[in-house]
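Next come the chains, spelled out residue by residue.
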Amino acid sequence: MKTQEEIKKVLVELGGKVWEKNGKNRVYFNQELILKAMGLKYTTYNTGNISSASLRGETISHAECGRILSNIDSAYYDFEDGLFHWKLDYYDEVKDFCAELRKTIS
């Protein structure tokens, strides 16, 4: 079993950012990293509006892409309980991302 420092090192190497405050010790993964792992690709017009979107290679609507973008903000690993945490929206996709991360630290 890896130590907390070894786990932290691996998660940071995978793109996580360490956050320590008020006795909490976590490694956060930003939206961009999660979306990439989910297989979401999208382009926008100069206005910022979505011009095309696909999820795991399949075209999705602009509205669905917008829902994904607004509901997935971050995930984090909490050293206190040894678990990954995230919003419940798009549960399966983020769960898969965190399962892959768990493999790297086990």
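The structure presented is a predicted model; accordingly, all values stated were derived computationally and were not measured.

A.B. asks: Looking at this structure, I do not really get the packing of aromatic side chains. What am I missing?
C.D. replies: Two descriptors summarise a pair of aromatic rings, namely the distance from one centre to the other and the angle between the planes of the rings. For the structure on display, the rule yields five aromatic pairs. Both rings, one in tyrosine 28 and one in tyrosine 76, keep their centres 4.9 Å apart while their planes meet at 35 degrees; by these two values the pair is tilted. Of this pair, tyrosine 28 sits in strand β2 (residues 24-30) while tyrosine 76 sits in strand β6 (residues 74-78), placing them 48 residues apart in sequence. Take tyrosine 28: its relative accessible area is 24%, and that puts it in the partly exposed class. Among the aromatic residues, ring-to-ring pairing joins Trp19, Tyr28 and Tyr76 into one connected group.

A.B. asks: Would you mind going over the sheet that holds strand β5 (residues 58-59) with me for this structure?
C.D. replies: Two orientations exist for strands paired in a sheet by backbone hydrogen bonds: parallel and antiparallel. Ordered in space as β3-β4-β5, the three strands form an open sheet in which the pairing is antiparallel. Strands at the two margins of the open sheet, each flanked by one partner only, are β3 (40-44) and β5. With five bridges joining them, β3 and strand β4 (residues 50-55) adopt antiparallel strand pairing. Note on β4: the bridge partner recorded for threonine 44 is isoleucine 50. Against the sheet, helix α3 (residues 62-71) contacts β3 and β4, and its axis sits at roughly 75 degrees relative to β4.

The rules behind these values
- Residues numbered from 1 in each chain as written.
- Predicted model: local features only at pLDDT ≥ 70, side-chain atom pairs only at ≥ 80, totals over all residues.
- Heavy atoms only, no water.
- Phe/Tyr/Trp six-rings, centres within 6.5 Å; stacked < 30°, edge-to-face > 60°.
- Helix = DSSP H or I, 4+ residues; strand = E, 2+ residues; numbered from the N terminus.
- Buried < 20%, exposed > 50% of the residue type's maximum accessible area, 1.4 Å probe, protein only.
- Pairing = 2+ DSSP bridges.
- Contact = heavy atoms within 4.5 Å.
- Axes fitted to C-alpha atoms, helices over the stretch in contact; angles between N-to-C directions.

Taken by themselves, the reported measurements are silent on function.
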